Every structure is written in C-alpha cells, then in structure tokens.
Amino acid sequence: MTIKHHPGDGLLLDYVTGSLGEVASLAVAVHLALCPECRRQVNLMEAVGGSLLNTFPDEALKEEVFGNVLEQINSDREVLTPVRSNDVSTEAEFRIFPSPLPRYLFENGKSLQWRWIGFGINQIVISTSSDGNVARLMRIESGRSVPSHSHRGVELTLVLSGSFYDQTGSYARGDMQVVDETIDHDPRAEHGVDCICLVVTEGPLRFNSLVGKVAQPFVGI
Ligand SMILES: [Zn+2]
C-alpha cells in the first residue's frame with residue numbers, strides 16, 4: 001500500500017499539540033494507523049517538543065517557533081528515535097477499520113447501521129462534537145459519485161476501502177484528502193468496489209488560524 005496523500009505538517013502538529021478538535025483528531029489518528037511516514041513525522045515532532053508550542057500565545061511567534069520545529073525535525077531526521085512499536089498496526093489486525101475506529105463503531109456490541117442517503121451513498125454518523133463538527137463513514141457504490149459540491153470550512157476524507165477520484169486526483173486506502181470552501185468537486189468511486197471513507201467536516205474558523213496557513217499547500221491540491 002502506497003499512500004500518496006497525507007494530512008500535512010500543519011494538521012500533524014495540531015494533532016501532536018492536542019489543539020485539533022476531537023473528530024479531526026480521529027481522522028488523523030486513523031491515517032496514522034495506516035501511514036508509517038506520518039507516524040515517523042509525529043514521533044519526530046514529539047521528540048522535538050512540539051507540545052511546547054501551546055505555551056506561546058502570540059500567533060506570529062507560534063509561526064516562527066513552528067518553522068524552527070520543522071527545521072529541526074528535518075535536520076535531526078536521522079538521529080531521532082524510531083517509531084514506537086505500539087503505534088504500528090498491521091493490515092491483518094485492523095482489516096478495513098484501523099484503530100481507533102473500532103472503538104467508535106463497535107462499542108457495546110454495536111453493529112454497523114448504514115443509512116441510505118441517495119445517490120448510491122450510505123452513511124453512518126460516528127460522532128458529533130460540541131462545536132458541530134461531524135465524523136461519519138460514507139460508502140459510495142462502485143462507479144457512483146457524490147453530487148458536485150463545495151464546502152463550509154474544511155473537509156477531511158480518509159479512504160478506508162476501495163478508491164475514489166475527483167478534480168484533485170485519485171485516492172486509495174490510507175490517502176487523506178483535505179479540501180475547503182475553495183474546492184468544488186464531485187468525488188466518484190472507482191468501478192469494481194464500493195468506496196468506504198471516513199469523512200470529517202470541521203467548522204470554518206479552524207483553518208483561518210496558523211494551521212490553515214500551514215495546511216494551505218495541501219488544501220488546494
Ligand atoms: Zn501520511
């Protein structure tokens with residue numbers, strides 16, 4: 001499995017510092033379960049002390065510190081500690097739903113309750129946070145597409161099974177698409193197998209902050 005699309009350093013740093021919302025953290029965590037490259041990056045950020053960023057109230061200073069952190073990460077890439085073994089999952093262990101998704105999907109003996117929403121799409125709402133951000137599973141039937149749409153705020157889409165493509169590229173298992181209100185698209189599942197994704201919709205304010213600036217190159221793919 002080769003992952004081509006990653007959350008980007010901005011989102012990973014927010015994840016490390018605990019400043020990402022709950023449902024967005026879930027999407028990043030699931031990507032990390034599938035992506036050794038980003039696990040390595042997160043471990044490097046932790047090793048450099050990314051959590052210290054939260055102690056800087058000033059945005060400009062934060063940005064400067066963030067730049068320094070990334071610089072240090074890149075210069076220390078060879079000498080920092082390797083990935084912790086307990087972060088690593090195998091395909092056989094988690095099959096379609098990597099940790100921590102099963103905790104959300106199957107707790108208390110729950111089974112998956114797909115709900116048909118039309119257009120060849122079924123969904124399961126997993127979690128809604130207090131600020132209105134929503135995490136859901138979406139299953140797009142083979143060859144069908146989500147109607148063309150833009151976004152209010154940022155949308156994170158992580159492919160768990162099958163694949164889809166749109167104006168921005170093609171996405172397979174483990175790939176994360178990050179789009180915002182500047183993107184109009186109509187994601188279509190490839191022929192042959194349904195595409196199952198974890199989709200997280202965030203409020204628009206989050207990405208007007210430092211993270212938004214940092215994530216911008218990844219947002220407009
Ligand atoms: Zn990655």
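Just above sits the structure.
Counting restarts for each chain, with residues numbered from 1 along the sequence as it is written. Since the coordinates come from a predicted model, pLDDT governs what is reported: local features require at least 70, and pairs of side-chain atoms require 80 or more to be given and counted, while whole-chain, interface and lining totals use all residues.

How should I be thinking about the sheet that holds strand β5 (residues 163–166) in this particular structure?
Hydrogen bonding along the main chain pairs the strands of a sheet, whether they run parallel or antiparallel. Strand order in this open sheet of 3 strands is β6-β5-β8, and the pairing throughout is antiparallel. Looking at the sheet topology across the chains shown, the edges are occupied by β6 (169–172) and β8 (188–189). Strand pairing is defined by DSSP finding a minimum of two bridges between the two strands. Helix and strand assignments follow DSSP, with helices taken as H or I runs no shorter than four residues and strands as E runs no shorter than two, numbered in order from the N terminus. One ladder, built from 2 bridges, connects β5 with β8; its direction is antiparallel. Across the sheet, residue Y165 finds its bridge partner in β8, namely R188.

I tried to follow the nonpolar core on my own but got confused; where do I start?
Most often, soluble globular proteins have nonpolar side chains that are buried together. Counting 45 residues, the largest nonpolar core has L12, A27, L158, C197, L198 and V200 as its most contacted members. Broken down by secondary-structure element, the contributors of at least two residues to this core are α1 (9–17), α2 (22–34), α3 (36–48), β3 (134–140), β4 (155–161), β7 (176–179) and β9 (195–201). The element contributing the most residues to this core is α2, with 9 residues. Domain delimitation follows an automatic or database domain assignment. Two domains share this core, each providing at least three of its residues, namely domain 1 (9–92 + 206–219) and domain 2 (104–201). Working definition: the nonpolar core is a set of buried Ala, Val, Leu, Ile, Met, Phe, Trp, Tyr and Cys residues, joined through C-beta atoms within 7 Å. The exposure label follows from counting other C-beta atoms within 10 Å of a residue's C-beta, where the C-beta atoms are placed from the backbone and the thresholds are 20 or more for buried and 12 or fewer for exposed, leaving partly exposed in between.

Is there a simple way to think about the pairing of strand β2 (residues 121–128) in this case?
A regular strand carries its side chains on alternate faces of the sheet. Where strand β1 (residues 115–118) and β2 come together, 3 bridges link them in antiparallel fashion. Across the sheet, the residue bridging to R115 is Q123, located in β2. Counting the residues in the hairpin turn of β1 and β2 gives 2 residues, including F119, whose phi is positive at 60 degrees. Count of turn residues in the β2/β3 antiparallel hairpin: 5 residues, of which G132 carries a positive phi of about 90 degrees.

Help me out: how do you make sense of the packing of α1 against α3 in this one?
Geometrically, a packed helix pair is captured by the angle between its two axes and the distance between the axes. All axes are obtained by fitting lines to C-alpha atoms, using only the stretch in contact for helices, and the reported angles, taken between N-to-C directions, cover 0 to 180 degrees. In contact at an axis separation of 10 Å, α1 and α3 are set at 55 degrees when each is read in the N-to-C sense. Taken together, the axes of α1 and α3 lie oblique to each other. Handedness of the α1/α3 crossing: right-handed. The residues of α3 that touch α1, namely those facing L12, L13, Y15 and V16, are C38, Q41, V42, M45 and E46. Residues were grouped as follows: Ala, Val, Leu, Ile, Met, Phe, Trp, Tyr, Cys and Pro as nonpolar; Asp, Glu, Lys and Arg as charged; and all remaining residues, including Gly, as polar. For the contact of α1 with α3, the per-class residue count stands at 7 nonpolar, 1 polar and 1 charged. Throughout, the term roughly parallel applies to angles under 35 degrees, roughly antiparallel to angles over 145, roughly perpendicular to angles from 65 to 115, and oblique to all others. By convention the crossing between two helices is left-handed if the near helix lies anticlockwise of the far one by an angle smaller than a right angle, and right-handed if it lies clockwise. A pair of residues counts as a contact when their C-beta atoms, built from backbone coordinates, are separated by no more than 7 Å.

Help me out: how do you make sense of unusual backbone geometry in this one?
Negative phi is the rule for most residues except glycine; trans is the rule for most peptide bonds. Here the residue pair S99 and P100 is connected by a cis peptide bond, since its omega of 5 degrees sits within 30 degrees of zero. Following the sequence through the fold, P100 ends up in the loop between α5 (91–94) and α6 (101–105).

When you look at α1 in this model, what are you seeing that I'm missing?
Given 3.6 residues per turn, any residue in an α-helix points the same way as the ones three and four places further on. Counting buried positions along α1 yields 8 of 9 residues, so the element is predominantly enclosed. Of all the positions in α1, only D9, G10, L11, L12, L13, D14, Y15 and V16 are classed as buried. Two residues or fewer past α1, G18 is found with a positive phi of approximately 75 degrees.

Explain the pairing of β7 here, please?
Here β7 shows a buried face lined by M176 and V178 and a second buried face lined by Q177 and V179. Pairing of β4 with β7 involves 4 bridges; the strand directions are antiparallel. The partner of E155 across the bridge, within β7, is V179.

Help me understand α2, please; the structure alone is not making it clear to me.
Under the convention used throughout, the expected extent of a helix is 1.5 Å for every residue step, that is, one less than its residue count. When the terminal C-alpha atoms of α2 are compared, their 19 Å separation across 13 residues agrees well with the 18 Å that a helix rising 1.5 Å per residue should span. Of the residues making up α2, those classed as buried are V23, A24, L26, A27, V28, V30, H31, L32, A33 and L34.

The analysis is restricted to geometry; functional conclusions fall outside its scope.
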